[in-house]
Amino acid sequence: MNERTDMAYADLLDAIVEALDVPLPSIAEADERLYYRLLERRALAVRITLRANRNVSRDPRLATGTIRTRTAEEPVTYTPYEFEKDGEER
């Protein structure tokens, strides 16, 4: 692989991490449900995108763009858990 390809795959990995790295929900039951649904939808989008990319184009830049678009379409809509500044739970 060349440096450009290496950077494309690094960018793809960054997009995957960004898609799946969602903040923890508050302890409210509704927020927990929204958190798990969001994580499930984003993980499904990543899996579908990677499988399609592997079977069709094998271009990491296309997969990166698709994952970032799908992530933006599925924003965090719940209240994130808040920690105190000294690390204690709130």
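My aim in this report is to walk through the structure given alongside it, one point at a time. (Residues numbered from 1 in each chain as written. Predicted model: local features only at pLDDT ≥ 70, side-chain atom pairs only at ≥ 80, totals over all residues. Heavy atoms only, no water.)

### What to know about empty space enclosed by the protein
Evaluation of the coordinates by the stated rule reveals one cavity of 30 Å³ or more. What the largest cavity holds in volume is close to 50 Å³. Forming the boundary of the largest cavity are Ala19, Arg41, Arg42, Ala45, Val46, Ile67, Arg70, Thr71 and Glu74. Among the secondary structure elements, those contributing two or more residues to the lining of the largest cavity are helix H2 (29-55) and helix H3 (60-73). (1 Å grid on protein atoms, 1.4 Å probe; cavity = no way out; pocket = protein on both sides within 12 Å on 5 of 7 lines; lining within 4 Å. Points joined across faces, edges and corners; volume = space filled by probe spheres on them. Helix = DSSP H or I, 4+ residues; strand = E, 2+ residues; numbered from the N terminus.)

### Some details on helix H1 (residues 3-20)
End to end, H1 covers 26 Å across 18 residues, agreeing with the expected 26 Å (1.5 Å per residue, within 8%). Elements in contact with the buried residues of H1: H2 and H3. Taking the backbone nitrogen of Arg4 as reference, a side-chain oxygen 3.0 Å away marks Asn2 as the first, capping residue of H1. (Expected span 1.5 Å × (residues − 1). Contact = heavy atoms within 4.5 Å. Polar contact = N/O pair within 3.5 Å; in protein donor to acceptor, adjacent residues only side chain to side chain.)

### A short note on the pattern of salt bridges
Here the structure, examined in full by the defined rule, presents six salt bridges. The residue Glu29 makes a salt bridge to Arg33 at a minimum N-O spacing of 3.1 Å. Residue Glu29 and its partner Arg33 are located together in helix H2, separated by four residues, close to a single helical turn. Given the relative accessible area of 44%, Arg33 is considered partly exposed. A salt bridge links Glu74 to Arg41, with the nearest nitrogen and oxygen atoms 2.7 Å apart. (Salt bridge = Lys/Arg side-chain N within 4 Å of Asp/Glu carboxyl O. Buried < 20%, exposed > 50% of the residue type's maximum accessible area, 1.4 Å probe, protein only.)

### Quick look at the packing of H2 against H3
At a minimum axis separation of 10 Å, H2 and H3 run at an interaxial angle of 160°. For the element pair H2 / H3, the angle class is roughly antiparallel. Two packed elements cross with a definite hand, and for H2 against H3 that hand is right-handed. Seen from H2, the contacting residues are Arg42, Ala45, Val46, Thr49, Leu50 and Asn53; seen from H3, they are Pro60, Leu62, Ala63, Thr66, Ile67, Arg70 and Thr71. For the contact of H2 with H3, the per-class residue count stands at seven nonpolar, four polar and two charged. (Axes fitted to C-alpha atoms, helices over the stretch in contact; angles between N-to-C directions. Parallel < 35°, antiparallel > 145°, perpendicular 65-115°, else oblique. Left-handed = near helix turned anticlockwise from the far one by under 90°. Nonpolar A, V, L, I, M, F, W, Y, C, P; charged D, E, K, R; others polar.)

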